Amino acid sequence: MKRKILSPVFIYTVLIIGLVVFSLPYVYMIISSTQTNDVILGTKLNFKFGPHFLNNLKEVQDKYEYTRVLMNSAIITVVGTILSTFITTLAGYVMAKYKFKGSNFIFNLVMISRMVPGFALLIPTFYILSKLGLTNTFTGVIVPSLASTTSVFMMRQYAKQFPTELMEAARIDGAGEWTIFWKIAVPVLIPSIITTALLTFMGYWNSYLFPLVILSDSKKFTVPLVIQNMTQNNYDPLNYGALMALLATSVLPVVLIYMWLQTKFKSNGLDSAIK
């Protein structure tokens, strides 16, 4: 039975349509950030760039100290991503490669924890953080998501593919367990680690609920909180151009990080590692 090969024209047509559908809202967001309310709220969509981008961005800066807000989000996201990626990678690696008393129980707890909705833990988490004096601090925003059960589960599944033969060979050569993890396992698992780190980065950058509950000082607000303040401000009429400028620039770090990490995605080379 002959396999039907799809026409390249059909494939590229579908890909182009998908590209347009997914990119059109962001493109319109960028264009709207250069326009005024009269144009944005007009009866027809206007895809012409206007001259008001800097004015709209200046309004966000003047009202909300946007550079400070970006710095707050950057600190929380970078620190949280680095710590969380290290913790979840190590936890997933240990669960995948070491069998000890209670290991299955711990993994089952991780799996059960993944089924609990985050908002159900919001009040007890806030209570614990308040008793530890971590409310209204960046640490209080970072800590609850450090040991993400989803990231631990993902890294465990990735680490299970890591060849045990390499670990045994390293032990014969006198390498310790930490050396095996840091110098042998981590380089092989880099693509998987990058994937987990990217998801963690997006989670921290876009986090809204925990910062909303934990942070009370406006000088410590993150980007999602400022967006919420803009849309719920009942004192001043909403400047949609300024809002679009805020949205467009807030998405930019995630897009740039993703584009940069795309160059790092390579085959994990597990087969060649064994050889």
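Fair warning: this is a prediction, and the values are worked out from it, not measured in the lab. (Residues numbered from 1 in each chain as written. Predicted model: local features only at pLDDT ≥ 70, side-chain atom pairs only at ≥ 80, totals over all residues. Heavy atoms only, no water.)

## Topic: the packing of aromatic side chains
Here is step 1: Throughout the structure, instances matching the rule amount to 10 aromatic pairs.
Here is step 2: Here Trp-178 and Trp-182 contribute two aromatic rings whose centre-to-centre distance is 5.9 Å and whose plane-to-plane angle is 5 degrees, an arrangement assigned as stacked. One end of the pair is Trp-178 and the other is Trp-182, both in helix H10 (residues 177-188) and 4 residues apart, which spans about a single turn.
Here is step 3: Among the aromatic residues, those joined into a ring-pair cluster are Phe-86, Tyr-93, Tyr-98, Phe-162, Trp-178, Phe-181 and Trp-182.
Here is step 4: The aromatic ring of Phe-153 is capped on one face by Arg-114, whose charged end is 4.7 Å from the ring centroid.
Here is step 5: We note Arg-156 situated over the ring of Phe-107; from NZ or CZ to the ring centre the distance is 3.8 Å. (Phe/Tyr/Trp six-rings, centres within 6.5 Å; stacked < 30°, edge-to-face > 60°. Helix = DSSP H or I, 4+ residues; strand = E, 2+ residues; numbered from the N terminus. Lys NZ or Arg CZ within 6 Å of the ring centre and 35° of its normal.)

## So, a nonpolar patch on the surface
Here is step 1: Where nonpolar side chains cluster on the molecular surface, the patch consists of Phe-10, Ile-11, Tyr-12, Val-14, Leu-15, Ile-16, Val-20, Leu-24, Leu-45 and Phe-47 and spans about 1,000 Å² of accessible area.
Here is step 2: Summarising the element assignment, Val-20 is placed in helix H1 (residues 8-32). (Patch = residues over 30% accessible without salt bridge, like charges linked within 9 Å, V, L, I, M, F, W, Y side chains within 5 Å. Areas by Shrake-Rupley, 256 points an atom, 1.4 Å probe, with all protein chains shown as cover. Salt bridge = Lys/Arg side-chain N within 4 Å of Asp/Glu carboxyl O.)

## So, the domain arrangement of the protein chain
Here is step 1: Per the domain assignment, the segments of the protein chain are domain 1 (22-64 + 233-266) and domain 2 (77-221).
Here is step 2: The C-alpha-based centres of domain 1 and domain 2 are spaced at 33 Å.
Here is step 3: With 9 residues of domain 1 at the interface, the matching set in domain 2 holds 7 residues.
Here is step 4: Roughly 780 Å² is buried in total at the junction of domain 1 and domain 2, and carbon and sulfur atoms are behind 86% of that figure.
Here is step 5: Between domain 1 and domain 2 we count 0 salt bridges in total.
Here is step 6: Where domain 1 packs against domain 2, one counts 1 residue pair in polar contact (both at pLDDT 80 or more).
Here is step 7: Residues of the side of domain 1 that touches domain 2, tallied by class, amount to 6 nonpolar, 1 polar and 2 charged. (Domains from an automatic or database assignment. Contact = heavy atoms within 4.5 Å. Buried area = accessible area lost by both parts, 1.4 Å probe. Polar contact = N/O pair within 3.5 Å; in protein donor to acceptor, adjacent residues only side chain to side chain. Nonpolar A, V, L, I, M, F, W, Y, C, P; charged D, E, K, R; others polar.)

## Some words on the pattern of salt bridges
Here is step 1: One pass over the structure, following the stated rule, counts 4 salt bridges.
Here is step 2: Measuring nitrogen to oxygen at the nearest pair gives 2.9 Å for the salt bridge that ties Asp-62 to Lys-58. Taken as a pair, Asp-62 and Lys-58 lie in helix H3 (residues 53-64) at a separation of 4 residues, close to a single helical turn.
Here is step 3: For the salt bridge of Arg-171 with Glu-177, the shortest nitrogen-to-oxygen distance reads 2.8 Å.

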